[in-house]
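# Structural overview
Listed below are the residues making up each chain.
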Amino acid sequence: MVKRIYAEPDEQTMQEIGKAAEKKGITRHKLILEAIDSYLHQSLSDVDSLRTERDSLRSERDSLKTELDGKWSENRKLRSENETQKRLVDSLTIKLDQATIKIDSLTSLGDQKKIEFDSLQKDLTHAMDTIKQKDEMINFLQAHIAQLTQSISQLSLKPGDEEIKKKGWSWRFWRRD
């Protein structure tokens, strides 16, 4: 006696059955019969090896998932460190820019002070030359005054009596009080 068995697979399973049947070039009914026959005639060792392989694959999957989670965590940590380093680089770049601006400012100030120094150096040299010229003039005038003083002294001496009589000069001119 042959009894019929009915099953209602879900939509996704029906689509997979349809694709597999089409691929083999047989009907869905024939594909299901072949699948049942294959399942029934498999040896238990094949089923056990498939279960062992399945368990091994699940274990490998879990191991890979754990490794993936570790890599994900490491990736997040590295990204965080990268962001910290970027902020540090940005901060140092700002400080470097500020230092560069300050150096430029000080260099400019130094250049201005050098120009002022050169100007003052020229003024000092000019003043020293002027003082030297004035000193020479003073020395010349002192020598000239000394010469004039000597000349005046000679002129202020009383001339001889004969010369006074001859020229008719008065004696009071040379008199000293």
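Scroll up for the structure.
Here is a short report on the structure shown in this document. Numbering of residues begins from 1 in every chain and follows the order in which that chain's sequence is written. Predicted model: local features are reported for residues with pLDDT of at least 70 only, side-chain atom pairs are reported and counted for 80 or more only, and whole-chain, interface and lining totals are derived from all residues. Only hydrogens and water are set aside when side-chain values are computed; all heavy atoms of the structure are taken into account.

### Some points on the overall build of the protein
Check the secondary structure of the protein and you find four helices and zero strands. Along the protein, from the amino end to the carboxyl end, the secondary structure elements read α-α-α-α. Buried means the residue's accessible area, taken with a 1.4 Å probe over protein chains only, is under 20% of the maximum for its type, while exposed means over 50%, and partly exposed covers the values in between. Classification of the 177 residues of the protein by burial places 4% in the buried group. Strands are runs of DSSP state E lasting at least two residues, helices are runs of H or I lasting at least four, and both sets are numbered from the N terminus onward.

### Things to note about the layout of surface pockets
For the largest pocket, the calculated volume is near 500 Å³. Cavity: a set of points on a 1 Å grid over the protein atoms alone where a 1.4 Å probe fits but cannot get out. Pocket: an open set with protein on both sides within 12 Å along at least five of seven lines, its lining residues, like those of a cavity, having an atom within 4 Å of a point. In terms of lining, the largest pocket is formed by 15 residues, of which the most central are I5, A7, H29, I32 and I36. Mapped onto the lining of the largest pocket, the elements with two or more residues apiece are α1 (11-24) and α2 (28-41). Residue classes follow a fixed rule: Ala, Val, Leu, Ile, Met, Phe, Trp, Tyr, Cys and Pro count as nonpolar, while Asp, Glu, Lys and Arg count as charged, and any other residue, Gly among them, counts as polar. Its residues assigned to classes, the lining of the largest pocket comprises 10 nonpolar, two polar and three charged. Grid points are joined across faces, edges and corners, and a volume is the space filled by probe spheres set on the points.

### Some words on α1
Counted at 1.5 Å a residue, the expected span for α1 with its 14 residues is 20 Å, and the 20 Å between its end C-alpha atoms agrees. One or two steps after α1, the chain reaches G25, where phi turns positive at roughly 80°. The length a helix should cover is 1.5 Å for every residue beyond the first.

### Notes on the pattern of salt bridges
Salt bridge criterion: a side-chain nitrogen from Lys or Arg within 4 Å of a carboxyl oxygen from Asp or Glu. On inspection of all chains with the given rule, the structure shows six salt bridges. Of the charged contacts in the structure, one is a salt bridge between D55 and R54, with a shortest N-O distance of 3.3 Å. Residue R54 is classed as partly exposed on the basis of its relative accessible area of 38%. In this structure, the salt-bridge partner of D62 is R61, at a minimum N-O distance of 3.2 Å. Residue D62 is classed as partly exposed on the basis of its relative accessible area, which comes to 39%. By relative accessible area, which is 52% here, R61 ends up exposed.

### So, the packing of α1 against α2
Two measures define how a pair of helices packs: the angle their axes make with one another and the distance between the axes. A fitted line through C-alpha atoms represents every axis, and for helices the fit uses only the stretch in contact; the resulting angles, taken between N-to-C directions, go from 0 to 180 degrees. Contact geometry of α1 with α2 gives a least axis separation of 9 Å together with a crossing angle of 95°. Classified by the angle between their axes, α1 and α2 sit roughly perpendicular to one another. Of the residues in α2, those touching α1 at M14, I17, G18, A20, A21 and K24 are R28, L31, I32 and E34. Tallied by class, residues from the contact of α1 with α2 come to six nonpolar, one polar and three charged. Comment on the angle field: the value is read as roughly parallel under 35 degrees, roughly antiparallel over 145, roughly perpendicular from 65 to 115, and oblique elsewhere. Working rule for contacts: check all heavy atoms of both residues, and any pair within 4.5 Å makes them a contact.

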